[in-house]
Amino acid sequence: MREMITAVYADEDGNILDAPGMQGMGRTGRENILLKPEDLIPLPESADLMLLPDHLAVGCAADGEVMPISGLAVAAILPAGYTRLYLPAYERAEEAERLPLYGYTAVVVYKDELYCAAVYTDENDKWDPVHYNTKELKNLVKRTKKDLPGNRIVEQVGGCSLKWHCCTAQNLFYRRWECGIPTSPVCNANCFGCISLQPAECCPSPQERIKFRPTPEEIAEVGVYHLSVAPDGIISFGQGCEGEPSLAADNIAAGIKLIRAKTDKGQINMNSNVGWTEGVKKIVDAGLDSLRVSIISAREEGYDAYYRASYHLENVKDSIRYALEHGVYVSLNLLYFPGFNDREEELAAWQEFFRELPVQMIQVRNLNIDPDAFLDIMPEPQGKAVGTRTFIETLHKEFPQLVIGSFSHYVEE
């Protein structure tokens, strides 16, 4: 007989307890299902546990009845590199407020330890939390501010590093790997789960958007500073503390040209929704090396429901096509939600998408969102959810050249 997977809950003092006799469950879309051992991995050391206010934990009794437990639901918040398979199972109270923007993952007790419903999708020690928020960070920020006095980008990412603990911001001060250069205070989309700008009545944003437009000279100063010394150096436009970088195309393109006039080291990347194709073309033509495209669906209905943008999916495809034709390494930042992306109709649309546009990589990212609020705005399912593992395996089988991971990879020449 296999060891039982047991539901967990939090008591009124915040203690996390197991519920003997209640089988642990997860959720895909709106459906609660029993978890199996193959769905689980030990809870990563760097994961966090979060209680869900006004959301009762749910388990399955011995007689098969699915029922709430008299305690709050508990979720795991996973470090980068892990893709969740199931959401937490819960029963939401009518008065419950929208949950903050986190990637909620089912957590249970198995073999007397905490386990979560996830799979490890990418090994990349560079993003291990142990490398960040170290005791010397404040002094490193001061050092760079002294090296580049008056540069507003440095001031911005210094705040992002110390207040919001952004890893790509911190890499500028650690002089290594991928660092963000925010450029655009505006956006051409109104993403439902935007992490830098949310309505006042909604959940708080986990980052603060820039309020200025960096000049080409400010961009180049930071870019040359980083790429000249950083091992596996990458500078990235389009980080969490800004809007859409292609809307700053003139300044970015001019900045790239100034950078490449000083150094040919490292990689220049942009994270973008690529909805404004003319701006993307300017940046590609200036010497962009890699492009990571934020996307949630290969179907217009799903794409438009989430991005609520001034452009459409066909514009995104036009930009990707142009980038591929001009030798840019293109990856998709796939915002992933169990029970949505893995629906049969979504998978079929992705297969058609990759036949048309042979991008090199998918970076699977757990969508940080309140599950119910997200499903309320998205199209109703037409087919069943095939499961996250099947979704990934199907794409791997048809497109073996497609790298499926979680991080931007340094592109070797």
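Since the structure is predicted, the reported quantities are computational estimates derived from the model, not experimental observations. (Residues numbered from 1 in each chain as written. Predicted model: local features only at pLDDT ≥ 70, side-chain atom pairs only at ≥ 80, totals over all residues. Heavy atoms only, no water.)

Asker: Help me understand the sheet that holds strand β13 (residues 234-237) in this model?
Answerer: By way of backbone hydrogen bonds, the strands of a sheet pair with one another, either parallel or antiparallel. Read across the sheet, seven strands follow the order β12-β13-β14-β15-β16-β17-β18 without closing on themselves; strand pairing throughout is parallel. Edge strands, defined here as strands with exactly one partner in the open sheet, are β12 (178-180) and β18 (403-405). Pairs of neighbouring strands in the sheet enclose a mean axial angle of 25°, with direction left out of account. Relative to β13, β12 runs parallel, the two being bridged by three bridges. (Pairing = 2+ DSSP bridges. Helix = DSSP H or I, 4+ residues; strand = E, 2+ residues; numbered from the N terminus. Axes fitted to C-alpha atoms, helices over the stretch in contact; angles between N-to-C directions.)

Asker: Help me out: how do you make sense of the domain arrangement of the protein in this one?
Answerer: Bring the parts together and some accessible area is lost; that lost area is often taken as the interface size. Domains assigned within the protein are domain 1 (5-120) and domain 2 (125-405). Taking only C-alpha atoms into account, the centre of domain 1 sits 29 Å from that of domain 2. Counting from both sides, the interface comprises 24 residues of domain 1 and, opposite them, 29 residues of domain 2. For the domain 1 and domain 2 pair, buried surface summed over both sides reaches about 2,300 Å², with 56% attributable to carbon and sulfur atoms. When the buried surface of domain 1 facing domain 2 is broken down by residue, R84, R98 and L101 rank first, second and third, together holding 34% of it. At the junction of domain 1 and domain 2, the tally comes to three salt bridges. Where R30 meets D376, a salt bridge forms, and the shortest distance between an N and an O atom there is 2.7 Å. Summed over the shared surface of domain 1 and domain 2, the number is 13 residue pairs in polar contact (both at pLDDT 80 or more). (Domains from an automatic or database assignment. Contact = heavy atoms within 4.5 Å. Buried area = accessible area lost by both parts, 1.4 Å probe. Salt bridge = Lys/Arg side-chain N within 4 Å of Asp/Glu carboxyl O. Polar contact = N/O pair within 3.5 Å; in protein donor to acceptor, adjacent residues only side chain to side chain.)

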